[in-house]
Structures are given as C-alpha cells and as structure tokens.
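Structural description and commentary
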Protein chains: 2
Amino acid sequence: MKKGNATIHEIAKALGIDSSTVSRALNNSDRVTQKTKEKVLAKAKELGYRRNLIASNLRRNKSNTIGVIVPRISRHFFSSTIAGIEEAAFVAGYNVIICQSMEKLDREKSILNNLWSNRVDGVLISVSMETVACDHLKFLKDNNVPLVFFDRHCSAMEQSSKVLIDDTRASYEAVSHLIEKGCRKIVHFSGPQSLEIYKNRLRGYKEALEDHGIGFNDDLVVSSTLMEVDGKEMIQDLLHKHSDIDGVFSANDVAAIGAMKYLKKKGKRIPDDIAIVGFSNEPISEAIEPSLTTIDQSGFEIGRTACNLLIENINSKEKVLDRTLILNPTLIKRDSTNR
Amino acid sequence: MKKGNATIHEIAKALGIDSSTVSRALNNSDRVTQKTKEKVLAKAKELGYRRNLIASNLRRNKSNTIGVIVPRISRHFFSSTIAGIEEAAFVAGYNVIICQSMEKLDREKSILNNLWSNRVDGVLISVSMETVACDHLKFLKDNNVPLVFFDRHCSAMEQSSKVLIDDTRASYEAVSHLIEKGCRKIVHFSGPQSLEIYKNRLRGYKEALEDHGIGFNDDLVVSSTLMEVDGKEMIQDLLHKHSDIDGVFSANDVAAIGAMKYLKKKGKRIPDDIAIVGFSNEPISEAIEPSLTTIDQSGFEIGRTACNLLIENINSKEKVLDRTLILNPTLIKRDSTNR
DNA sequence: CTGTTAGCGCGTTCAT
DNA sequence: ATGAACGCGCTAACAG
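Residues numbered from 1 in each chain as written. Chains lettered and ligands numbered in written order. Predicted model: local features only at pLDDT ≥ 70, side-chain atom pairs only at ≥ 80, totals over all residues. Heavy atoms only, no water.

Topic: the domain arrangement of chain A
The criterion, for reference: These domain boundaries are the output of an automatic or database domain assignment.
Examined at the domain level, chain A breaks down into domain 1 (8-51), domain 2 (63-164 + 299-327) and domain 3 (167-297 + 332-337). The distance between the C-alpha centroids of domain 1 of chain A and domain 2 of chain A comes to 37 Å.

Here it is in structure tokens:
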C-alpha cells in the first residue's frame with residue numbers, strides 16, 4: 001500500500017522507458033515528447049508519485065528552504081513578520097524553517113550551524129539582544145548564503161542587506177503630532193540604549209522638539225524595560241518632579257498603557273490633560289480605550305519585503321546586492337479630541 | 001575560501017584514511033579508536049566541516065524535520081503553540097517547518113503535499129475551518145507518517161493522536177464562577193457551531209447552569225464571528241430584550257471586550273452590575289481593565305505537549321499509539337470585587 | 001577497529 | 001527524443 005513512495009524508476013519501469021526520461025518529463029523539459037509527458041504524468045498520478053525533494057535537493061545542491069531567526073515567535077511583532085515571510089516564501093515555492101534565539105547569542109550561533117547543515121538557500125534574521133559582533137553571520141556570506149536582516153540588524157556588519165523601520169521618522173511624526181495637539185512638556189519612555197531602535201526613537205523625539213522650538217530636557221527621558229509596571233512607576237516619578245507634564249511618548253505600548261492606567265486612576269483625562277503616543281508592539285490597540293495613539297510597525301509588510309529581497313538575492317547568482325529598505329510605520333491617531 | 005563546504009572525503013584524504021571511518025568518527029560510533037576520533041574532529045574543525053544533512057537524510061531516509069500546519073501564525077494562540085512546538089523540537093534536535101493554511105482546505109492540501117515531498121518525519125496540525133473530511137490526512141498515516149492534532153482536530157478521523165483543551169470543563173468552571181458571584185441571568189456569546197470548540201463551550205455553559213439549578217434559556221445564547229463589534233451588538237440586542245442580565249460568558253475575549261466597552265459607556269459597572277468572563281485569544285489581558293476574568297488556553301503548553309507526543313510516535317517504530325491528551329485551561333480571576 | 005562496496009532518489013552529462 | 005552511465009554526500013552492510 002506504499003502509495004506515496006513511488007520513485008521515478010518505478011514509473012519508468014511501468015512504462016518501459018528510462019528513468020531519466022521520466023525525470024525530464026516531470027521537470028517539463030522541452031526535450032521530451034508531449035505524448036510521453038502525458039503518459040508519465042498519468043502514471044505518476046496513478047502510482048501516487050511525489051518527488052523526493054531531499055534527493056532532488058542533494059543533486060541540485062539547493063535546499064529550496066530559507067532559514068528565519070527571530071528572538072521570540074510569540075511576540076506579536078515577530079509572529080506578524082513571520083506571517084509575511086511565510087506568505088512571500090509560499091508564493092515563491094520556498095520552505096521556511098523558523099527558529100527562535102530566545103535573545104541568546106549562543107543559541108543564535110547553534111541555530112546558524114544547524115541552518116548551514118541544512119544547506120538553507122538564504123537566511124533572514126532579526127538578531128538577539130546579545131548580538132554585537134557578527135563573525136557567525138559573516139560566515140554565511142563567505143559561503144555565498146544570502147543574508148537579510150529585518151528590524152534588528154548588526155551595525156558591526158559593514159555590507160549587508162536589511163529591511164528596517166524608520167524609527168526616527170516615526171518618532172518625529174508622533175512627537176510632532178503631540179506638539180500640534182498643544183503639548184509642551186512631553187516625556188519619553190525609552191528602552192535599553194544598546195538597541196538601535198531605542199536610540200533612533202530618542203533621536204526622533206529630540207529632533208521634533210528642536211524643530212518646534214521646544215528645548216530638550218534630559219530629565220524627561222527615562223529608560224526601562226518598558227513593562228507595564230515600568231510605565232506606571234516612570235510616570236509616577238516624573239509627575240512628582242514635573243507636575244506640568246502634558247504628553248507622553250513611549251517607545252512601546254505596554255509601558256504607555258501602564259502609564260495611562262495610572263493617570264486615569266489619578267483622575268487625569270486622556271488625552272485632554274495628558275496625551276499619549278506609543279509604539280505598537282502588541283495587538284491591543286483595538287481592545288483599549290480610544291485615547292491611545294499608536295505607531296503601527298506593520299510587521300507583515302516587513303516580513304514580506306525582507307523575504308522577497310532575500311529571494312531576489314538568492315536568484316541573482318554571484319551578484320551580491322546589498323540593499324537597505326526602510327519602511328515607514330504609520331501613525332494611528334485615536335486622540336481626536338482637541339485639547 | 002569555501003571554508004564550510006568540506007566533505008568527509010576531503011577530510012579522509014587529508015588524513016589518509018577512509019571516508020566511512022570519518023563518518024563513523026563524526027557519528028561518535030564505538031567502533032572507532034579514540035585516537036582517530038580526535039584526529040578526525042581536529043581536521044574537521046580545521047577544514048570547517050559541516051555535515052550535509054541533506055545527504056545524510058537521503059541516506060537514512062529520515063528528514064529530522066516535522067511539519068506544522070496552523071490556520072494563521074499571527075493569531076496569538078497559534079504563535080504561542082508554535083513557540084512551544086519549537087522549544088520541544090529544538091531540545092529533541094528536530095527542525096520545524098511552519099505552514100499556514102489561512103483557514104483554506106485547498107491550501108492545507110497543497111501544504112501536506114509539500115510536506116510529504118519534503119519527507120517530514122511527522123506532522124502537527126490544527127485544521128482549517130473548512131476541513132471536515134480528512135482523506136488528505138489519512139494519506140499520511142497510510143504512509144507511516146505520524147500525525148498529531150492539536151486544539152482543532154478532525155472528528156471524521158476514527159483513530160488519531162490529539163492534544164486538546166477541555167473546553168467543556170473550562171466553560172463549566174467559568175460559568176460556575178459567575179454563578180457563585182451571584183449571577184442568575186448569564187448570556188453566552190458563541191461562535192460558528194461547525195467548530196467543536198464552540199459546541200463544547202456551549203455544553204459547559206449548559207451543564208453549569210443545570211447543576212446550579214438555573215434553567216437554560218435558548219434566547220440567551222447568540223452566535224457570531226466574535227469580533228469586537230459583534231460583542232457590542234449582541235449585548236445591545238440582548239439587553240433590550242432582557243434588562244436583568246447580570247453575567248456574560250463569551251467564547252472569546254475580543255467579543256467580551258466589545259460588550260464591556262458598550263456596557264461601561266451605558267453606565268454599567270463591571271463586575272458589580274454585570275460580570276464578564278471570556279476565553280482568552282489575544283494577549284490583552286494585561287492591557288485592559290482588571291474587571292475581565294479570562295480563561296487562559298496556554299498555547300505554549302499545548303504546543304510543547306503535542307510536539308513531544310509526536311516525537312514519541314516517531315520514535316516508537318511500528319507501534320502506532322493513538323493517544324488523546326486533554327489539558328485544562330486556567331481561569332484567571334480578575335473580578336475580585338464582590339457583587 | 002578499519003577498508004571496501006553499494007546504494008538512497010534524482011538530475012545531468014554523454015551518447016545514440 | 002530517448003537511454004546509459006555517473007555522481008551529489010553520506011551511511012549501512014559486509015569483510016577482514
């Protein structure tokens with residue numbers, strides 16, 4: 001009953017022809033009659049033939065697979081990017097191996113070893129928080145395995161393809177939006193300064209203030225791990241020192257919500273007393289009050305774009321095109337109330 | 001500088017021994033001297049050797065890969081299960097190919113074809129909404145590819161391994177909780193009755209009512225697609241007909257939140273006037289008011305359990321053990337206020 | 001303990 | 001247009 005295990009040899013034997021002809025027929029080669037093609041296809045169907053891609057891949061020295069490394073699958077932003085990657089890979093006929101580094105460099109290295117052993121045709125990666133040097137990544141390029149960074153890249157890598165978000169610009173727009181709404185004293189919840197995204201978000205914050213003639217005040221910027229409790233504590237501390245705060249620009253939405261809850265409990269009206277904007281990391285925007293304006297990072301688009309760029313690199317033999325694509329997040333305004 | 005492309009033959013030649021000895025050494029076979037093992041390992045490192053798993057897999061007729069099919073990666077529950085699957089697979093040394101059916105039967109079929117072509121060692125699946133017949137799944141079993149369902153299974157399949165949630169029991173506990181809080185008129189937001197999960201949640205609702213001496217009223221059960229707007233409309237309609245509703249049991253949290261928002265706008269206090277419990281599908285619990293009690297489906301545990309069961313099946317040659325594991329979701333109470 | 005031989009299933013030369 | 005032969009890289013069987 002081994003219905004699915006037929007090989008090209010079996011269908012060749014059944015037809016009294018050679019396996020190489022069968023191979024050609026199945027690959028739709030022009031060097032085989034239409035007649036035999038049909039016969040082969042019919043017999044293949046009858047025997048329930050399925051090409052053994054492992055053998056095919058070995059012969060062609062190509063795995064038809066791309067490796068993907070993210071810090072954590074269960075984080076919404078990354079599962080969105082993976083959905084986009086999967087979509088692009090699917091239409092291009094590629095398989096995808098998903099791996100999570102769990103933010104550990106060691107695990108990232110062992111994953112790359114594994115991907116290499118599996119002879120993936122290319123790699124998409126969003127590096128772990130521990131990743132600064134990148135010899136383990138250069139190894140891929142040395143062996144002609146295309147590599148595309150998305151979201152988090154490795155600045156130690158001089159030449160590389162990457163798909164990034166324009167954090168600076170998005171932050172600039174978000175803070176400008178607050179200012180246009182009338183805010184003058186805007187605090188910024190920042191994250192670990194080792195990560196470039198947080199540096200860029202801080203930069204956009206500064207530039208927006210300066211361009212609108214508002215002086216930058218170091219006291220109004222606080223860094224944390226951006227959990228909900230951090231948001232609460234940060235705004236509590238800050239309000240204690242500066243009672244006239246009227247805006248919050250948070251590097252993520254979880255901390256923003258922590259702050260928002262606290263403020264509401266204290267009787268502040270959002271956005272009338274204090275307006276809040278946060279980068280969107282979780283799909284919560286729909287679930288919370290309509291007072292939090294968020295910056296949508298559209299992970300799906302990033303994933304799709306990165307995967308397409310990678311496939312382009314895979315197909316352009318020998319030509320290593322190192323390109324940087326920068327996508328613009330969109331500001332989703334939910335604080336329509338005029339202050 | 002093809003540093004990573006060395007084969008066992010090259011390292012054999014460099015050492016003046018045979019490639020099969022190298023192979024054995026690399027596989028840590030007991031039938032090779034410690035001395036030569038060390039020499040081989042040293043030379044392998046020197047040449048930057050990486051085993052070609054494609055060739056190895058072809059020879060061993062094993063891919064060391066398991067296929068995973070989910071309706072949508074970006075849905076939080078599924079990305080959680082995938083994280084759990086990935087974790088279990090990683091420690092067992094398996095690769096994972098993630099695929100999304102997008103709730104389409106056709107796509108599910110084509111994915112299965114592809115997975116078969118890739119000769120995966122086993123398959124984990126949560127079927128699409130369109131999947132009722134399952135010939136395409138039986139095909140796997142006919143070819144000795146172990147299959148484990150998780151969360152959504154296929155009732156048309158007489159014999160199968162599956163890891164499920166005890167929806168009935170969780171619903172029973174949730175509704176009992178509401179009753180113990182004093183609710184007497186509890187509505188139920190249900191979903192498409194074609195899906196077993198919604199049938200079971202409805203059953204748990206009924207049983208809890210009966211066991212507590214509350215008559216079941218068909219009017220209080222409404223089915224929808226359980227979007228946020230559905231929640232709003234459903235509660236609006238119901239309140240119009242039954243002004244004394246004091247509890248809501250929702251088959252998902254999004255609809256629950258829709259209802260909650262509407263109720264608050266109408267001046268109702270949660271949970272004092274109306275208590276709400278919802279199955280948790282999105283990671284929003286932290287972000288919303290502390291008045292919504294949720295049922296956590298712990299996708300991570302389901303994924304881990306399912307993957308381990310699959311690997312067990314893969315390893316137990318010839319023995320097809322069809323087991324059903326049922327995990328209990330946990331009720332996370334956030335409505336501590338006494339009514 | 002090690003070498004020899006023989007394939008896994010497929011695609012790609014050569015021929016004809 | 002088709003067949004014969006070879007090899008991708010590795011491992012399993014059998015010798016010795």
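Concerning the sheet that holds strand β9 (residues 275-279) of chain A
Residues and elements named next belong to chain A. Let me state the cut-off plainly: When DSSP locates at least two bridges between a pair of strands, those strands are taken to pair. Only DSSP runs of H or I with at least four residues qualify as helices, and only runs of E with at least two residues qualify as strands; both kinds are numbered from the N terminus onward. To get an axis, fit a line to the C-alpha atoms, keeping to the stretch in contact for a helix; angles then go from 0 to 180 degrees between the N-to-C directions.
Spatially, the 6 strands line up as an open sheet ordered β7-β6-β8-β9-β10-β12, and their pairing is mixed. Both edges of this open sheet fall to β7 (221-223) and β12 (330-332), since each of them pairs with a single strand only. Each neighbouring strand pair of the sheet contributes to a mean axis angle of 15°, computed without reference to strand direction. Note: strand β8 (residues 247-250) against β9, 4 bridges, orientation parallel.

A word on helix α3 (residues 34-47) of chain A
Residues and elements named next belong to chain A. Rules: How far a helix is expected to stretch is found by multiplying one less than its residue total by 1.5 Å. Exposure categories follow from relative accessible area, calculated using a 1.4 Å probe and restricted to protein chains: below 20% of the type maximum is buried, above 50% is exposed, and the middle band is partly exposed. It is the directions from the helix axis to the C-beta atoms whose arc is reported. Residue contacts are defined here by distance: any two heavy atoms, one from each residue, within 4.5 Å place the two residues in contact.
Taking 1.5 Å per residue, 14 residues should reach 20 Å; α3 reaches 20 Å between its end C-alpha atoms and fits that length. Every buried residue of α3 is listed here: Thr36, Lys37, Val40, Lys43 and Ala44. Take α3 and look down its axis: the buried residues cluster within an arc of 140°, on one side only. Residues of α3 that are exposed and angled more than 90 degrees away from the buried face: Lys35, Lys45 and Glu46. Along its buried surface, α3 packs onto α1 (8-15) and α2 (19-26). One or two residues past the end of α3 sits Gly48, with phi positive at roughly 65°.

Structural notes on the packing of aromatic side chains
The test is simple: Here is the rule: rings of Phe, Tyr and Trp (six-membered ring for Trp) pair when centre to centre is within 6.5 Å. Planes less than 30 degrees apart are stacked, more than 60 are edge-to-face, and the remainder are tilted. Should the NZ of a Lys or the CZ of an Arg lie within 6 Å of a ring centre and within 35 degrees of the ring normal, that charge is described as sitting over the ring.
Under the defined criterion, the tally for this structure stands at 10 aromatic pairs over all chains. Seen from their ring centres, Phe249 of chain A and Phe279 of chain A are 6.2 Å apart, and the 55° between their planes marks the pair as tilted. Pair noted here: Phe249 of chain A is in strand β8 and Phe279 of chain A is in strand β9, with a separation of 30 residues, a long-range link. The pair Phe249 of chain A / Phe279 of chain A is uniform in exposure class, with both members buried. Ring centres 5.3 Å apart and planes at 70° place the aromatic pair Phe77 of chain B and Phe78 of chain B in the edge-to-face group. Comparing Phe77 of chain B with Phe78 of chain B shows no difference in burial state: the two are buried. Following the ring pairs from residue to residue traces out a cluster consisting of Tyr205, Phe216, Phe249 and Phe279 of chain A. We note Arg50 of chain B situated over the ring of Phe139 of chain A; from NZ or CZ to the ring centre the distance is 4.4 Å. Its end group placed over the ring of Phe90 of chain A, Arg107 of chain B keeps NZ or CZ at 3.7 Å from the ring centre.

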